[in-house]
Amino acid sequence: MKTEIYIKASCIICNNAVYKNGQVVFENPEPGIARFLLSVYRHLQTDYPKFYKMDNLSKIGWLANEILLKDSFVKENNTAEETGVVLWNANSSLDTDIKYFASTKEMASPALFVYTLPNIVIGEICIRHQFKGENAFLISADFDARLMKDYVSNLINNNILQSCICGWVDMLGETGKAVLFLIEKNKTNHSLPFTTENINKIYQISNG
């Protein structure tokens, strides 16, 4: 039996800006993706030393998730086993793969090797929040709102998950983008129906 599912919150990080629910909450025109991500971390005023060890793909996904959940996710209403993470991108872990390959010409870097799988960003998110539900990282040439809607809706309609963090997290060179959605059954005053149209409408902000 299908149930009503809602987009409770969204977060976008791209083009040196951070959006929460469609509104700009932070900007930094300073060039360089690494410097920008560090500035977002400092803006959050959080203390999580492991952040500094992450690759850029994990950093942008981790930061987007922190902003997504802040003031939106009620941990007491969501069990760890029923909260999942499903992400997509086009470049897998290629950004770190290239850096790791370069390091092998002298001395292979174990610190980089740890991040040569795209689903490590999910691990970083789940470790931070102790999520233990279904998770998956899929590779797609382009953002596919219909696939996202169908995949996540199936998990919730079949009571595999009650809440899901889903979206697009991609990084290659100096170009990075994270578009995350918090999906739940519970409706709030600011919730939007979890439809292909609403997913695409939010994602389009990242193309602006």
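The structure we're discussing is the one just above.
A. Structural view of unusual backbone geometry. For Asn-21, which is not glycine, the phi torsion reads 55° and is therefore positive. Within the secondary structure, Asn-21 is located in the loop between β2 (17-20) and β3 (23-27). Here Asn-21 falls in the partly exposed class, since its relative accessible area comes to 42%. One non-glycine residue, Asn-159, lies in the positive phi region at around 60°. Among the secondary structure elements, Asn-159 is positioned in the loop between α6 (145-157) and β6 (163-172).

B. Main features of helix α3 (residues 94-103). Taken as a whole, α3 has its buried residues at Asp-95, Thr-96 and Ser-103. On an axial view of α3, the arc spanned by its buried residues comes to 85°, and they lie on one face. Buried residues along α3 sit against α2 (56-69), α4 (110-113) and β6.

C. Expanded view of a nonpolar patch on the surface. There is a patch of nonpolar side chains on the surface, built from Leu-94, Ile-98 and Leu-172 and spanning about 230 Å² of accessible area. Counting through the fold element by element, Leu-94 comes out in helix α3.

D. Quick peek at the side chain of Ser-93. Relative to the assigned elements, Ser-93 resides in the loop between β4 (83-89) and α3. Of the residues examined, Ser-93 reaches a relative accessible area of 3% and is grouped as buried. At 3.4 Å, the side chain of Ser-93 forms a polar contact with the backbone oxygen of Thr-116. Excluding anything up to four places from it in sequence, Ser-93 contacts Tyr-115, Thr-116, Leu-117 and Pro-118.

E. Local environment of the packing of aromatic side chains. Under the definition given, this model contains twelve aromatic pairs. Considering the side-chain rings of Phe-73 and Phe-131, the 5.6 Å spacing of their centres and the 75° angle between planes classify their relative orientation as edge-to-face. Here Phe-73, found in the loop between α2 and β4, pairs with Phe-131, found in the loop between α5 (120-129) and β5 (135-139); they are 58 residues apart in sequence, far enough to count as distant. Taking the relative accessible area as the measure of exposure, Phe-73 reaches 15% and is therefore buried. Measuring from centroid to centroid gives 3.8 Å for Phe-143 and Tyr-203, while their planes differ by 5°, and the two rings are stacked. Of the two residues, Phe-143 is situated in the loop between β5 and α6 and Tyr-203 in helix α7 (residues 196-203); the sequence distance between them amounts to 60 residues. For Tyr-203, a relative accessible area of 10% puts it in the buried group. Members of the aromatic cluster, each reached through a chain of ring pairs, are Tyr-41, Tyr-48, Phe-51, Tyr-52 and Trp-62. Across from the ring centre of Phe-51, 5.2 Å away, lies the NZ or CZ of Lys-59, which sits over that ring.

F. Inspection of the pattern of salt bridges at higher detail. Per the stated rule, a full pass over the model turns up five salt bridges. With its nearest N and O atoms 3.3 Å apart, the salt bridge here joins Lys-50 to Glu-124. Taken as a pair, Lys-50 in the loop between α1 (33-44) and α2 and Glu-124 in helix α5 lie far apart in primary sequence, 74 residues in all. Note on Lys-50: relative accessible area 32%, which makes it partly exposed. Judged by relative accessible area, which is 4%, Glu-124 ranks as buried. Put simply, Asp-95 and Lys-99 hold a salt bridge, and the shortest N to O gap is 3.3 Å. In this pair, Asp-95 and Lys-99 both sit in helix α3, four residues apart, roughly one turn of the helix. Look at Lys-99 and you get partly exposed, because its relative accessible area is 37%.

About the cut-offs
- Residues numbered from 1 in each chain as written.
- Predicted model: local features only at pLDDT ≥ 70, side-chain atom pairs only at ≥ 80, totals over all residues.
- Heavy atoms only, no water.
- Helix = DSSP H or I, 4+ residues; strand = E, 2+ residues; numbered from the N terminus.
- Buried < 20%, exposed > 50% of the residue type's maximum accessible area, 1.4 Å probe, protein only.
- Arc of directions from axis to C-beta.
- Contact = heavy atoms within 4.5 Å.
- Patch = residues over 30% accessible without salt bridge, like charges linked within 9 Å, V, L, I, M, F, W, Y side chains within 5 Å.
- Areas by Shrake-Rupley, 256 points an atom, 1.4 Å probe, with all protein chains shown as cover.
- Salt bridge = Lys/Arg side-chain N within 4 Å of Asp/Glu carboxyl O.
- Polar contact = N/O pair within 3.5 Å; in protein donor to acceptor, adjacent residues only side chain to side chain.
- Phe/Tyr/Trp six-rings, centres within 6.5 Å; stacked < 30°, edge-to-face > 60°.
- Lys NZ or Arg CZ within 6 Å of the ring centre and 35° of its normal.

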